[in-house]
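# Chains, contacts and geometry: an overview
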Amino acid sequence: MDTPPLPFSARLRAATQGAHTAAEGQQYVTALVAGELDLAGYLDLVVQHHALYQALESAAEVMRADPVAGGFVDDALTRLPALEADLTALAGPDWALRTAPNPATVAYAERIRAVAGTSPVRFVAHHYTRYLGDLSGGLHIGRAVARRYGLTGQSGAAFYTFARIDRPKAYKEAYRARLDALALSPADEAALLDEVLVAYRHNTAVFAALARHVPAGPVLPEAVA
Ligand code: HEM
């Protein structure tokens, strides 16, 4: 008897595992999780996230009524207000005057804006890459950030708290079931998968641009306070 084909979400995960490993293994990510960056190094990530989620969440508003992408848009995921609170806590109320996204983030945001207007499945790819990542490794990063900088949801790490998602694992399972229920054509499946790889490449490029914050040698935690 033939074994039934794997669901799309499982094939997507398998096909992007290498790209995930590359993003996860970036020097900046490793140093952030290990507590090796000073606060300015963490703040720079928040600045990049802000520009990126501004693009993603304004695209989500446009896609809310779309028959394919609309089912993924969920206010419980929205990160922009949390990022604005984090920037205010970390850089002061005039943060917008004193911070700017780097060119890698600008390119990533431009890509999101471009595909949101032209391809619902490619928008879903960006949505999936960020939010499922935030609900997975993101939670791990959030715990490391809280530990290293003593930050809470009120003082600069609100991004990592999903107040309306009690069970991230169940949420991710439901999200994957929604991906499978799309029953996409082979061409749309291929486009979604291709765009997830594009999204991972953008994330990796953003981390590479942030690597300038990584100290050159081993640094004792007290020395980077
Ligand atoms: C410290 C860094 C990271 C760690 C430790 C990490 C860890 C993980 C783990 C354990 C999972 C599996 C979760 C599950 O099956 O429920 C996962 C899934 C995922 N991660 Fe990461 N991750 C990291 C960084 C990233 C980055 C930078 C991205 C991209 C922006 C990302 C995107 C994703 C996505 C999209 C999934 C869902 C895969 C799927 O099940 O379809 N992760 N991550």
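What counts and what doesn't
Residues numbered from 1 in each chain as written. Predicted model: local features only at pLDDT ≥ 70, side-chain atom pairs only at ≥ 80, totals over all residues. Heavy atoms only, no water. Donors = N, O, S within 2.8 Å, 3.2 Å for Na, K, Ca; no water. Helix = DSSP H or I, 4+ residues; strand = E, 2+ residues; numbered from the N terminus. Buried < 20%, exposed > 50% of the residue type's maximum accessible area, 1.4 Å probe, protein only. Lys, Arg positive; Asp, Glu negative; His and termini not counted. Salt bridge = Lys/Arg side-chain N within 4 Å of Asp/Glu carboxyl O. Polar contact = N/O pair within 3.5 Å; in protein donor to acceptor, adjacent residues only side chain to side chain. Contact = heavy atoms within 4.5 Å. Near = heavy atom within 4 Å. 1 Å grid on protein atoms, 1.4 Å probe; cavity = no way out; pocket = protein on both sides within 12 Å on 5 of 7 lines; lining within 4 Å. Sits in = over half its atoms within 2 Å of the grid points. Nonpolar A, V, L, I, M, F, W, Y, C, P; charged D, E, K, R; others polar. Points joined across faces, edges and corners; volume = space filled by probe spheres on them.

### Observations concerning the coordination of the iron atom of the ligand
No other protein atom reaches the iron atom of the ligand as a donor apart from His20 (NE2), found 2.1 Å away. Residue placement: His20 occurs in helix H2 (residues 17-24).

### Digging into the side chain of Asp86
Inspection of the secondary structure assignment puts Asp86 in helix H5 (residues 80-91). One buried charged side chain, Asp86, makes no salt bridge at all; its nearest oppositely charged neighbour is Arg79, positioned 7.4 Å away. Here Phe159 takes part through its backbone nitrogen, which lies 2.9 Å from a polar atom of the side chain of Asp86. Sequence-distant contacts of Asp86, defined by excluding residues within four places in its chain, comprise Val46, Gly153, Gly156, Ala157, Ala158 and Phe159.

### Digging into the site of the ligand
Taken together, 19 residues are adjacent to the ligand, and Arg13, His20, Tyr128, Lys172 and Arg176 come closest. Measuring from an oxygen atom of the ligand, one finds a side-chain N or O atom of Arg13 at 2.8 Å. The separation between an oxygen atom of the ligand and a polar side-chain atom of Arg176 is 2.8 Å. Cavity membership is defined here by more than half of the atoms lying within 2 Å of grid points; on that basis the ligand lies in the largest pocket. Taken together, the elements giving at least two residues each to the shell around the ligand come down to H2, helix H3 (27-33), helix H8 (120-134), helix H9 (137-149), helix H10 (168-181) and helix H11 (186-210). Here the shell around the ligand takes five residues from H8, the largest share from any one element. Of the residues assigned to the shell around the ligand, the class counts are seven nonpolar, seven polar and five charged.

### What about the layout of surface pockets?
Looking at the largest pocket, its volume works out to about 760 Å³. Along the wall of the largest pocket there are 30 residues; nearest its centre are His20, Gly133, Ser136, Gly137 and Tyr200. At the level of elements, helix H1 (8-15), H2, H3, helix H4 (39-63), H8, H9, H10 and H11 are the ones that each hand at least two residues to the lining of the largest pocket. The greatest single-element share of the lining of the largest pocket, amounting to six residues, is contributed by H8. Of the residues contributing to the lining of the largest pocket, the split by class is 11 nonpolar, 13 polar and six charged. Considered as a void within the structure, the second largest pocket measures approximately 170 Å³ in volume. In terms of lining residues, the second largest pocket is bounded by 14 residues, among which Leu139, Gly142, Ala157, Tyr160 and Thr161 are the most central. Looking at the lining of the second largest pocket, its residues break down into nine nonpolar, four polar and one charged.

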